Amino acid sequence: MVELNHQVIKEALASLEFHTKAIINGKAVDALSGKTFPAENPATGQVFTHIALCGEEDVELAVQNAREVFERGDWSRLAPADRRRIMVKFADLIDEHALELALLEVVEAGKPVSETLYTDIHETAECIRWHAEATDKIYDQVCPTSRDNLGMIIREPIGVVAAVLPWNFPAQMAAWKLGPALSMGNSIIIKPAEITTLSTIRLAELALEAGIPAGVFNVIPGEGSVVGQALGLHMEVDCCAFTGSTSVGRKFLEYAAKSNLKRIILELGGKSPQIVMPDVVDLKTTAQHVAAAAFWNMGENCSSGSRLIVHESLKEPLLKALLTEMEGWQLGDPLDPEVKLGSMIGQKHMNNVLSYIEKGLEEGAELRLGGKQVLKETGGYFVEPTIFDNVTNDMTIAQEEIFGPVLSVITFKTEEEAIQIANDTNYGLASSLHTENIHVANRMARLIKAGTVSINCFSEGDSTAPFGGFKQSGFGGRDKSLAAHDQYAELKTVWYENR
Ligand code: NAD
């Protein structure tokens with residue numbers, strides 16, 4: 001993997017090109033209307049290119065082509081081993097173009113380059129590779145029926161899959177859908193978040209270069225209320241896989257009900273708890289995990305551990321360790337390889353985060369770190385990592401997803417109270433639990449209502465682990481692991497009677 005330094009980044013930036021057209025039926029095309037929209041670098045506030053602004057007519061074209069190629073079988077009927085070979089090549093090409101893809105995500109999203117290169121793009125390639133490798137290792141089933149019958153349960157690709165995606169991990173969220181959907185033989189149309197389109201367009205170009213047939217992987221940039229809605233309502237789209245906010249996720253259930261009852265899979269928001277039990281000894285390591293859970297990706301993370309639920313006896317020593325840990329979290333130019341915290345995604349979102357900080361102060365929480373916009377001279381949208389003490393779980397900052405670098409500290413006295421506070425939320429995506437006692441860990445892990453419980457760490461697991469939410473954090477399925485393959489397949493029964 002590339003070793004990052006200022007010179008390497010400077011050279012790569014000098015040759016960075018922006019591919020700004022939609023990818024439909026294997027070709028880079030302008031929107032049929034000819035319209036474009038500006039792409040702004042949120043770390044500088046500067047517009048650096050314009051991207052095709054697609055509309056319903058482009059969706060129509062993409063769906064028609066995706067359907068045609070699916071029915072023709074160019075990809076859907078290819079032998080699984082052939083799909084595997086081509087997808088592995090796709091993953092290899094992502095690795096070869098890792099720095100280019102990483103830089104696209106830096107300039108579009110203000111994410112730190114060391115994160116986009118070593119985490120986001122690396123894991124994008126790994127995710128595609130993992131699902132690719134599974135392609136010819138998944139067996140179908142035979143029913144345990146009498147000797148007079150033979151019943152086969154066969155998985156078939158579902159057809160045309162639309163993926164409508166968020167801006168916080170653009171390539172990685174695309175890979176979570178692409179990996180299993182392509183592996184199963186589907187055609188896919190991705191609508192990236194309008195503010196983070198460029199790396200997804202490049203992924204589609206690399207997929208074509210790897211040999212994924214034209215029309216199998218399409219990208220339609222544009223607005224959610226136009227392109228996203230048109231995909232959601234389309235009669236020829238068989239499945240919509242959505243990752244984003246709970247409020248928009250709900251609309252997809254309505255779209256399905258109003259159209260063809262397409263399958264809907266929703267990966268939504270969170271307000272994840274991090275519980276620290278009184279027996280924890282290594283506060284330095286715990287503080288590192290707490291900081292990562294709360295502030296990684298500037299807190300613009302669905303599984304962000306935005307509520308620290310700590311035993312009252314450990315609050316002060318843990319806060320001390322956390323404040324020391326945060327001294328090492330450099331905020332600044334996301335193109336600097338030493339920087340750990342970049343900008344917020346945009347001005348509107350930054351203002352929203354700042355208004356939650358105001359609300360926290362109004363409702364009586366006590367600021368222990370940060371709380372302000374900084375680096376205004378850059379023209380970018382930077383917010384300090386912010387820690388609120390003396391939060392109660394009914395406060396707005398403890399209930400609503402802020403999607404920014406804001407951690408609420410809440411104390412508890414008993415194990416039961418810790419569980420009660422952790423579960424007192426509409427969400428249930430992720431959680432962390434810190435304890436030295438395996439029995440406590442096991443007992444509490446069963447009681448926390450969340451799709452992931454990470455013990456003594458902050459982690460979403462790797463490609464082998466399903467990821468998704470309980471309650472209003474998700475619906476209809478899971479990303480990653482073999483569970484994700486099934487959701488892009490229909491089950492068919494083939495039944496024989498012996499003569
Ligand atoms: P968002 O819901 O605003 O947008 C997500 C996507 O939906 C975008 O592509 C957007 O253009 C599209 N969209 C918007 N309005 C639409 C409409 N009316 N019809 C159809 N599509 C529409 O979310 P966001 O701000 O991009 O991302 C942040 C959210 O994503 C947070 O809530 C976060 O928790 C969630 N998220 C969840 C996961 C997960 O795996 N659970 C992962 C990442 C992000």
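One can find the structure itself at the top, above this paragraph.
A brief look at the structure comes next. Sequence positions are assigned chain by chain, starting from 1 and proceeding in written order. Note on the predicted model: pLDDT of at least 70 is required for a residue's local features to be given, and 80 or more for side-chain atom pairs to be given and counted; whole-chain, interface and lining totals, by contrast, use all residues. Heavy atoms from the whole structure form the basis of all side-chain values; hydrogens and water molecules are not counted.

**Digging into the pairing of strand β6 (residues 149–157)**
Note on pairing: two strands pair once DSSP finds at least 2 bridges between them. Helical segments are the DSSP runs of H or I of at least four residues, strand segments are the runs of E of at least two, and each set is numbered from the N terminus. Summarising the sheet, strand β5 (residues 141–142) and β6 pair through 2 bridges and their orientation is antiparallel. Looking at the pairing, Val142 lines up with Met152 of β6. What sits between the antiparallel neighbours β5 and β6 is a turn of 6 residues. The pairing of β6 with strand β22 (residues 489–497) spans 9 bridges and is classified as antiparallel. Among the inter-strand pairings, Met152 is bridged to a residue of β22, identified as Val494.

**Considerations on the packing of aromatic side chains**
Only the six-membered ring of Trp is used, alongside the rings of Phe and Tyr, when aromatic pairs are assigned; centres must lie within 6.5 Å, and planes under 30 degrees apart are stacked while those over 60 apart are edge-to-face, with the rest tilted. Applying the stated criterion to the full structure yields 8 aromatic pairs. A ring has a charge above it when a Lys NZ or an Arg CZ is no more than 6 Å from the ring centre and no more than 35 degrees off the ring normal. The residue whose ring lies beneath Lys340 is Trp329, and the NZ or CZ to ring-centre distance is 4.2 Å.

**Topic: the packing of helix α8 (residues 224–233) against helix α9 (residues 246–258)**
Where α8 contacts α9, the two axes come as close as 8 Å, and the packing angle between them is 45°. Relative to α9, the element α8 lies oblique. Along its contact with α8, which presents Gly228, Gln229, Gly232 and Leu233, the element α9 presents Phe252, Tyr255, Ala256 and Lys258. Here the term charged refers only to Asp, Glu, Lys and Arg, the term nonpolar to Ala, Val, Leu, Ile, Met, Phe, Trp, Tyr, Cys and Pro, and the term polar to all other amino acids, Gly among them. For the contact of α8 with α9, the class distribution of residues is 4 nonpolar, 3 polar and 1 charged. Axes here refer to lines fitted to C-alpha atoms; in helices the fit is confined to the stretch in contact. Angles between the N-to-C directions go from 0 to 180 degrees. For classification, angles of less than 35 degrees are called roughly parallel, those exceeding 145 degrees roughly antiparallel, those between 65 and 115 degrees roughly perpendicular, and all remaining angles oblique. Contacts are residue-level and defined by heavy atoms, with any inter-residue pair within 4.5 Å sufficient.

**Some points on the site of the ligand**
Only heavy atoms are used to decide nearness, and a residue is near a molecule or strand if one of them lies within 4 Å of it. Neighbouring residues of the ligand: 30 residues in total, closest Leu165, Ser245, Tyr255, Leu268 and Glu401. N or O atoms within 3.5 Å of each other form a polar contact, as long as, within protein, one can give a hydrogen and the other can take it, and as long as residues adjacent in sequence are counted only when both atoms are side-chain atoms. Gly244 places a main-chain nitrogen or oxygen 3.4 Å from an oxygen atom of the ligand. In this structure, an oxygen atom belonging to the ligand sits 2.6 Å away from a side-chain N or O atom of Glu401. Accessibility throughout is a Shrake-Rupley quantity obtained with a 1.4 Å probe, and a residue counts as covered only by protein chains that appear here. Considered on its own, the ligand offers 860 Å² of accessible surface; in the complex 89% of this is hidden by protein. For the shell around the ligand, the secondary structure elements donating two or more residues are α8, β10 (239–243) and α9. Taken together, the residues of the shell around the ligand break down into 16 nonpolar, 9 polar and 5 charged.

**Observations concerning the nonpolar core**
Grouped together as the largest cluster of nonpolar side chains are 70 residues, with contacts concentrated most on Phe90, Ile94, Leu178, Ile188, Leu203 and Phe217. Element by element, the count of residues in this core is highest for helix α6 (residues 170–183), at 8 residues. If we skip the residues at most four places from it in the chain, Ile188 touches Val161, Ala163, Lys177, Leu178, Ala181, Leu182, Val216, Phe217 and Asn218. In this structure, Val290, Met298, Ile387 and Ile419 belong to the second largest nonpolar core, which totals 52 residues. Residue types Ala, Val, Leu, Ile, Met, Phe, Trp, Tyr and Cys, when buried and joined through side-chain atoms within 4.5 Å, form a set referred to as a nonpolar core. To sort residues, take the accessible area from a 1.4 Å probe on protein chains only and compare it with the maximum for the residue type: under 20% means buried, over 50% means exposed, and anything in between is partly exposed.

**Overview of a nonpolar patch on the surface**
Patch membership requires more than 30% relative accessible area and the absence of a salt bridge. Residues of like charge join within 9 Å; the nonpolar side chains Val, Leu, Ile, Met, Phe, Trp and Tyr join within 5 Å. Only one rule defines a salt bridge in this text: a Lys or Arg side-chain nitrogen within 4 Å of an Asp or Glu carboxyl oxygen. Taken together, the side chains of Val142, Leu150 and Tyr496 make up a nonpolar region of the molecular surface, amounting to roughly 270 Å² of accessible area. For Leu150, the location among the structural elements is in strand β6.

**Some words on the sheet that holds strand β18 (residues 406–412)**
Spatially, the 7 strands line up as an open sheet ordered β14-β17-β18-β13-β12-β19-β20, and their pairing is mixed. The sheet is open, and its two edges are formed by β14 (366–369) and β20 (452–455), each paired on a single side. Taking the axes of each pair of neighbouring strands and ignoring which way they run, one obtains an average angle of 25° across the sheet. Of the pairings in the sheet, the one linking strand β13 (residues 307–311) to β18 comprises 5 bridges and is parallel in character.

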